[in-house]
Amino acid sequence: MWKSLGPLRLSQWEKEVLELWRHEKTFEASLARRQGAPTFTFYEGPPSANGKPGIHHVFARTLKDLVCRYKTMRGYFVPRRAGWDTHGLPVELAVEKELGIRKSDIGTRISIADYNRACREAVMRYKNAWNELTERMGYWIDLSNPYITFESSYIESVWWLLKGLYEKGLLYKDYTIQPYSPAAGTALSQHELNLPGAYRSVEDPSITVQFRSQRDPQLYFLAWTTTPWTLPSNAALAVHPELDYAEIETFQPYTREPIRVVLAEGAISRYFSHEELPFTAEAIDRRTGKLPWRLIRRIKGRNIVNERYEPLFRYVEPKGDAWRIIPADFVTLEEGTGIVHIAPTFGADDLKAARKHGIPPILVQDDQGTLTPLVDKEGRFVPHVTDFAGRYVKNYTNDPDYKPVDEDIAQNLRQRGLLFRKEVYRHNYPHCWRTDKPVLYYPVEAWFIRTSALREKLVALNRTIEWYPPAIGEGRFGNWLEHVEDWNLSRSRFWGIPLPIWRTRDGKYERCIGSFAELQEAVEEARHKGLMPHNPLDRPDFDPHRPYVDEIILAAPDGSPMYREPDVIDVWFDSGAMPYAQQHYPFENQGVFWAQFPADFIAEGIDQTRGWFYTLHAIAVALFDTVAYRRVLVNGLVLDKEGNKMSKRLGNVIEPEELMEKYGADPTRWYLVSNAPPWENVRFDESRLAEKVRTFFGTLHNAYEFFALYARIDGYRPQPLPPLESLPPIDQWVLSETEKLTAEVTSAYESYFPTQAARLIEEFVIEKLSNWYIRLNRRRFWKGEKDADKWAAFTILRDVLGRVAQLMAPIAPFYSELLWRHLNFSDSVHLSDFPQENPALRRPDLEAAMDKVRRLASLLHSLRKRSGLRVRQPLPQALVPASYRSWLEPLSDLLLQELNLKAITYLDDHSEAVVYELRPNYRTLGPRLGARVSALASYLRQLSQKEILNAIHQGFIQWEGETFPLSDLEIRAQALAGWLHASEGELTVALDTRLSSELEAEGWARELIHCIQLSRKEAGLEVTDRISLSVFLPDPYRSALQKYEPLIAQETLATQIAWYDAPPSEPNTVFLDTVPLHIDISLAYEHT
RNA sequence: GGGCCUGUAGCUCAGGUGGUUAGAGCGCUACACUGAUAAUGUAGAGGUCCGUGGUUCGAAUCCACGCAGGCCCA
């Protein structure tokens, strides 16, 4: 019992604890114990195991784990099931890279079946690393039976959800302009554009071009663009109807020909010099390139609408009324000319405006007869764009010799006198998060979820979710929901859940399938109609992935074949479907599902706001008219200590495994939790983690070792707490503080603020338990008598340490477990019930009094320091105002002992020594007196001590004809005249430093004891070893110390003391005051 | 350009509902303590509480406008 653990080796102990948990199946037991109890449902957001886990995962998982552990200890049944997110672009791109293929090779150089097989294998590549980390960090979750998004049952549930949406009319097909990555060969979701780092500052050519008016060949409309490659697709120009435009006379900057141009009046200064400058072609400002000009007329935007112009390029004849000016509200003066070039095939706003005003997109027919835009899906101009056919619009192939086609277009326009200005423009532009290439806005056919129709419900139900912190729910997430657009579900990829929608070629018939059984039946029908040779669903191991599902042809009501829509769905839908699909709802587990839906709690990083938080919410609202989670704790990013994002590129990534190996999982968890509130970014500083080990874990461990050392020596056995009244005040105090801590920590956990819990525990352990309770009670543990007082001290210390173990268990599951078990409490701290505050043990008055005593001790220490008298020298008395007596007297022994004082003297209020100060009570007088309160303050300040004492005795003070009772004032003993004194806040104390010869002698005795202790230590003796002692000390010291011989013997465990009459010949190394002395120590063999 | 968050000592952070002299830990310096000793105590140095206005008797705290940084979106 009370085994010493030796010096702190957390990392090693943690591995032993893991072994213990494995062996004892503690996690399983913690669940089994709560079977039948109320369920606290937690959903694990599935990570993708195709990359290694990082420190930010440890952060999120610590928060998840601690809440689940806490709730378990509070008596809830908290099932926790791991999951894996397995589909999606990251996996596909990694596989492409490995196989050295591009998207266009899939289905040609490699079969889709082989490719998807490779994805399936790749996606679980780091599963072991994840599992190891999960276990090592002490994250308790069921890893043995995870939900996996590629499993058929999971997919079947997703199909069921999709069909639900389809039947509600929430799933539809449309064309829109989507961010599209030619290099990845896929449309990107908004989620993907939202990924950190997607928006980058890049330089593009920005050109201002001249569109020649059809009405007036000398007149040009100036428009500005940063994407010259879209100019061949120009179909219209947009102006703001309410803006003022100007027609002005100027010169073509390259040809110097006089021309007339139209642009917004507010944009003139951007292109033209002051009007006063001479109007000649030579007057071009050399420095700024600005041109001379003359105003011809002003005109409102709405009055230019419907003007027609000549296109810059005429590769295609549009099927409709293109090349005219339309009004649009999004036109601003911020940049450019106030006239906006509209390419409906390459801009979302452009398409919207074009549709509104009947502008046709610029499209051509490809070899298959389908209409396509002027840039193909690889990012190249189609052959119809004769001047630039086959050219990539951006460098999508990493061609080192790539020539920007934008430059050539500008050159082409310049030669034709249509280029007005060319500049370099720096702006933020989205990039494909995997290929690093700029995104193209591209017309794509896609399936959408009509989330915009659910806006109000999404917003209303979100208001019922408890967000930690609330601001994210109201602000970031709430605002997003209020402006939510339809969710583009389609991905033209391979490794994902296939859209279960079949269509005839002409789009006349379509069918959404909601289960395997339904599909099987439909195939059966098609088989009877001769469309399918066999039914693949007849095989029990039917794989619903591509390409197998693509081979299925269904029969339309008119007997024509229906083919599957080729897209797979956005992988975010997979994870958002997790509440249902993990249970294979509704095909199985209906009871379990409803028992665990919605979740009581989820926790993820802030980057999931538009990710998982959204998809969970959207699906639940769309299909179940409810929230998917009731509470969500959001964590911030983990940055490096300079505040930079961790990235492989910067080489500042922290490997969690190394960290836990070096310091342990507990300190890592503790540091992440205690450093800052979860939702703020953590600046990860390894040296602070090391500090946490030393200060908190080190101190706590020292406290345990201290207890264990003496409990072992004395053979202490656990026993019940003695009656409160029998205990000294310091015991009552520490018990009271423990209960207070319990209450406060509980409330911190309850409000999902573990940072506060950790900080409270730290402060208690370091300040209250270690630096005060143990420090002041050391003697009780090692004193000779084994009396009730000693047993009480052991019992209290053990109980308090046990309580600390329980309170910290959710955050630091390992050390708390060790502590708990070594203190011989029950089997596992994690199987214990979370402690509840026992109000019967609370003594708030004592807590407040002790707080003041500690501050007095600190003041007295500073006085000692000022006096130059070391603590070994006893001093006659400390002096305090008499009013302190009520709270100080019961605790005065502590002060006497800590400061080595003989007495505390209470100075009478009438005593001249106490100097009082009066101040207004601002809280009460402030509102009443207003500005006069400061006048009162200065009046009170100049009062004499006599007047103040008078006022105190009378119980009121008069000022400007008004009477103020003492309750309107604050009385402070500010100083103790005539003594060495110190004050802090409302406390004041003085120290009597007069030394009698007796006190001086006692001081010498203490000094000698100190010297002997040093020698003991030097001699390497055990703390329990008895010694025999020989000392040489000259007079008057020796004679003065005679009286203290028993004390010296007792303190140093000397069985006898012999005094040398003359100094031995060996050199002295020890001094008492300044007097050399000599000490010889030898081990005493006869024990007393 | 918009939304949200953050800004307090060299560093990491506390500072309900406005209240008197703004705190802690770490780090630094010095001294002390020594039956927890790779621990502990005391003291010192270190602050334009991001800025500017406003409300108020009184603002780190409330309001407005800025500035800087972060995240997200245009």
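On a predicted model such as this, the values are computed, not experimentally measured, just so you know. (Residues numbered from 1 in each chain as written. Chains lettered and ligands numbered in written order. Predicted model: local features only at pLDDT ≥ 70, side-chain atom pairs only at ≥ 80, totals over all residues. Heavy atoms only, no water.)

Student: Got a minute to help me understand the overall build of chain A in this structure?
Tutor: Helix and strand counts for chain A stand at 34 helices and 40 strands. Its C-alpha radius of gyration of 41 Å places chain A more than 25% over the 31 Å reference for a compact globule of 1088 residues. Across its three principal axes, chain A shows a C-alpha extent of roughly 120 × 85 × 65 Å. For chain A, long-range pairs separated by at least 24 residues make up 75% of all intrachain contacts whose partners lie at least 6 apart in sequence. (Helix = DSSP H or I, 4+ residues; strand = E, 2+ residues; numbered from the N terminus. Rg over C-alpha atoms; globule rule 2.2 N^0.38 Å. Contact = heavy atoms within 4.5 Å.)

Student: Looking at this structure, I do not really get the pairing of strand E8 (residues 244–251). What am I missing?
Tutor: Put simply, side chains in a regular strand alternate between the two faces of the sheet. With six of its eight residues buried, E8 lies for the most part within the structure. Here E8 pairs with strand E9 (residues 258–264) via seven bridges, running antiparallel. Note on E9: the bridge partner recorded for Glu 247 is Val 262. Counting the residues between successive antiparallel strands, the hairpin from E8 to E9 contains six residues, one of them, Arg 256, with a positive phi of roughly 65°. (Buried < 20%, exposed > 50% of the residue type's maximum accessible area, 1.4 Å probe, protein only. Pairing = 2+ DSSP bridges.)

Student: What am I meant to see in the nonpolar core here?
Tutor: One recurring pattern in soluble globular proteins is that nonpolar side chains are buried together. Phe 707, Met 808, Tyr 815 and Leu 888 are the most contacted members of the largest nonpolar core, which totals 131 residues. Dropping the residues within four chain positions of it, Met 808 is found in contact with Trp 670, Phe 696, Phe 697, Leu 700, Tyr 749, Ile 761, Tyr 815 and Ser 816. (Core = buried A, V, L, I, M, F, W, Y, C linked by side-chain atoms within 4.5 Å.)

Student: Honestly, the sheet that holds strand E25 (residues 602–605) in this entry has me stumped. Any pointers?
Tutor: Sheet strands line up and pair through hydrogen bonds in the backbone, either parallel or antiparallel. An order of E17-E26-E25 is seen for the three strands of this open sheet, with the pairing classed as parallel. The open sheet is flanked by strand E17 (466–468) and E25, the only strands paired with a single partner. For this sheet, the mean angle separating the axes of adjacent strands, direction not counted, is 20°. The pairing of E17 with strand E26 (residues 631–635) spans three bridges and is classified as parallel. Within the sheet, the bridge partner assigned to Glu 466 lies in E26 and is Arg 631. (Axes fitted to C-alpha atoms, helices over the stretch in contact; angles between N-to-C directions.)

Student: Please explain helix H11 (residues 405–415) as it appears in this structure.
Tutor: Side chains of residues three or four places apart in an α-helix project in the same direction, reflecting 3.6 residues per turn. Those residues of H11 not exposed but buried are Val 405, Asp 406, Ile 409, Ala 410, Asn 412 and Leu 413. The arc that holds every buried residue of H11, seen down its axis, measures 160°, which confines them to one face. Those residues of H11 that are buried are in contact with strand E5 (199–212) and strand E15 (419–430). (Arc of directions from axis to C-beta.)

Student: What exactly am I supposed to notice about the packing of helix H23 (residues 754–782) against helix H24 (residues 788–808) here?
Tutor: Between two packed helices, both the angle of their axes relative to each other and the distance between the axes serve to describe the pair. In the contact formed by H23 and H24, the axes pass within 11 Å of each other and the chain directions differ by 165°. On the basis of their axis angle, the class for H23 and H24 is roughly antiparallel. Seen along the crossing, H23 lies across H24 with a hand that is left-handed. Of the residues in H24, those in contact with Ile 761, Phe 764, Val 765, Leu 769, Tyr 773, Ile 774, Arg 780, Phe 781 and Trp 782 of H23 are Asp 789, Lys 790, Ala 792, Ala 793, Phe 794, Ile 796, Leu 797, Val 800, Leu 801, Val 804, Leu 807 and Met 808. (Parallel < 35°, antiparallel > 145°, perpendicular 65-115°, else oblique. Left-handed = near helix turned anticlockwise from the far one by under 90°.)

Student: Even after reading the chapter, I still don't get helix H14 (residues 516–528), so can you show me in this structure?
Tutor: Helix length check: H14, at 13 residues, gives a terminal C-alpha distance of 18 Å against a target of 18 Å (1.5 Å per residue), a fit within 8%. Among all positions in H14, only Phe 516, Glu 518, Leu 519, Ala 522, Val 523 and Ala 526 are buried. Buried residues of H14, seen end-on, are gathered within an arc of 155° and therefore sit on one face of the element. Residues Glu 521 and His 528 are exposed on H14 and point more than 90 degrees away from its buried face. Looking at the buried positions of H14, the neighbouring elements they touch are helix H7 (152–167), strand E20 (501–504), strand E21 (510–512) and strand E22 (554–555). Positive phi appears at Gly 530, one or two residues downstream of H14, with a value of about 80°. (Expected span 1.5 Å × (residues − 1).)

Student: What's the story with the packing of aromatic side chains in this structure? I'm lost.
Tutor: The geometry of an aromatic ring pair is captured by the separation of the ring centres together with the interplanar angle, meaning the angle of the planes. The final tally for this structure, using the stated rule, is 70 aromatic pairs. In textbook terms, an aromatic cluster arises when at least three aromatic residues are bridged by ring pairs, as seen for Trp 2, Phe 706, Phe 707, Tyr 710, Tyr 716, Phe 781, Trp 791 and Phe 794. Here the guanidinium or amino end of Arg 416 rests over the ring plane of Phe 313, the centre of that ring lying 5.1 Å away. Its end group placed over the ring of Tyr 563, Arg 505 keeps NZ or CZ at 4.1 Å from the ring centre. (Phe/Tyr/Trp six-rings, centres within 6.5 Å; stacked < 30°, edge-to-face > 60°. Lys NZ or Arg CZ within 6 Å of the ring centre and 35° of its normal.)

Student: I keep staring at the packing of helix H21 (residues 686–714) against helix H25 (residues 813–822) and nothing clicks. Help me out?
Tutor: Look at H21 against H25: their axes get within 11 Å of each other, and the N-to-C directions meet at 10°. As far as their axial angle goes, H25 and H21 are roughly parallel. The segment H21 lies against H25, with Phe 697, Leu 700, His 701 and Tyr 704 engaging Tyr 815, Leu 819 and His 822. Residues that form the contact of H21 with H25 fall into these classes: five nonpolar, two polar and no charged. (Nonpolar A, V, L, I, M, F, W, Y, C, P; charged D, E, K, R; others polar.)

Student: Can you help me understand unusual backbone geometry in this one?
Tutor: Among all residues save glycine, negative phi is the norm, and among peptide bonds the norm is trans. In this model, Tyr 585 is joined to Pro 586 through a cis peptide bond whose omega is -5°. Its location among the elements puts Pro 586 in the loop between helix H16 (578–581) and helix H17 (590–595). Residue Pro 598 follows Phe 597 across a cis peptide bond; omega there is -5°. Looking at where Pro 598 falls in the secondary structure, it is placed in the loop between H17 and E25. Here Tyr 752, not a glycine, exhibits a phi torsion of approximately 55°, which is positive. Structurally, Tyr 752 can be placed in the loop between helix H22 (729–750) and H23. Under the relative-accessibility criterion, Tyr 752 is labelled buried at 4%. In the Ramachandran plot, Asn 824 falls in the positive-phi region, its phi being about 60° despite a non-glycine side chain. Look at Asn 824 and you get partly exposed, because its relative accessible area is 33%.

Student: Can you walk me through the sheet that holds E21 in this structure?
Tutor: Strand order in this open sheet of four strands is E21-E20-E23-E22, and the pairing throughout is antiparallel. In the strand order of this sheet, the two ends are held by E21 and E22, each with one partner. Here three bridges tie E20 to strand E23 (residues 561–564), and the two strands are oriented antiparallel to one another. Across the sheet, Trp 502 pairs through a bridge with Arg 564, a residue of E23.

Student: Is there a simple way to explain the pattern of salt bridges in this structure?
Tutor: If charged atoms from side chains of opposite charge come close, those side chains can pair. With the rule as written, the count across this model stands at 74 salt bridges. The partner of Arg 669 in a salt bridge is Asp 65, with the nearest N and O atoms 2.7 Å apart. A residue pair is termed long-range when its members are at least 10 positions apart, and Arg 669 in helix H20 (residues 665–675) and Asp 65 in helix H3 (residues 55–73) qualify at 604 residues. Classification of Asp 65 by relative accessible area gives buried; the value is 0%. Close ionic contact of Glu 737 with Lys 768 constitutes a salt bridge, the shortest N to O distance being 3.3 Å. Residue Glu 737 is located in helix H22, and its partner Lys 768 is located in helix H23; the two are separated by 31 residues in the primary sequence. The structure contains a network of salt bridges with shared partners spanning Glu 737, Lys 740, Lys 768, Glu 837, Arg 842 and Glu 847. (Salt bridge = Lys/Arg side-chain N within 4 Å of Asp/Glu carboxyl O.)

Student: Explain the environment of Ile 325 here, please?
Tutor: Looking at the secondary structure, you find Ile 325 in strand E11 (residues 324–327). Judged by relative accessible area, Ile 325 falls into the buried class, the value being 0%. Expressed as a C-alpha distance, the spacing of Ile 325 and Tyr 126, which sit 199 residues apart in the sequence, is 56 Å. Not counting chain neighbours up to four residues away, the residues in contact with Ile 325 comprise Phe 221, Leu 237, Val 239, Ile 304, Val 305, Asn 306, Glu 307 and Tyr 309.

Student: Teacher, can you tell me more about the confidence of the model for chain A here?
Tutor: One rule of thumb: low pLDDT means the predicted coordinates there are not for detailed reading. Confidence along chain A averages 86 in pLDDT terms, with 95% of residues attaining 70 or more. Among the prediction metrics, the complex's ipTM stands at 0.89, with pTM recorded as 0.82. (pLDDT = per-residue confidence, 0-100.)

Student: Can you walk me through the side chain of His 240 in this structure?
Tutor: For His 240, the position within the fold is in the loop between strand E7 (236–239) and E8. Residues contacting His 240, with those up to four places away along its chain left out, are Tyr 245, Gly 301, Arg 302, Ala 328, Asp 329, Val 331 and Gly 338.

Student: Just checking my understanding: could you explain the pairing of strand E16 (residues 440–449) for this structure?
Tutor: For E16, the tally of buried residues reaches seven of 10 residues, placing the bulk of the element in the interior. In terms of strand pairing, E16 meets strand E18 (residues 487–488) through two bridges, oriented antiparallel. Residue Ile 449 lies in a different strand from E18, and its bridge partner there is Trp 487.

Student: Just checking my understanding: could you explain the environment of Arg 1016 for this structure?
Tutor: Of note, Arg 1016 is situated in helix H32 (residues 997–1018). The spacing of Arg 1016 and Gly 530 is 486 residues in sequence and 101 Å in space, taken between C-alpha atoms.

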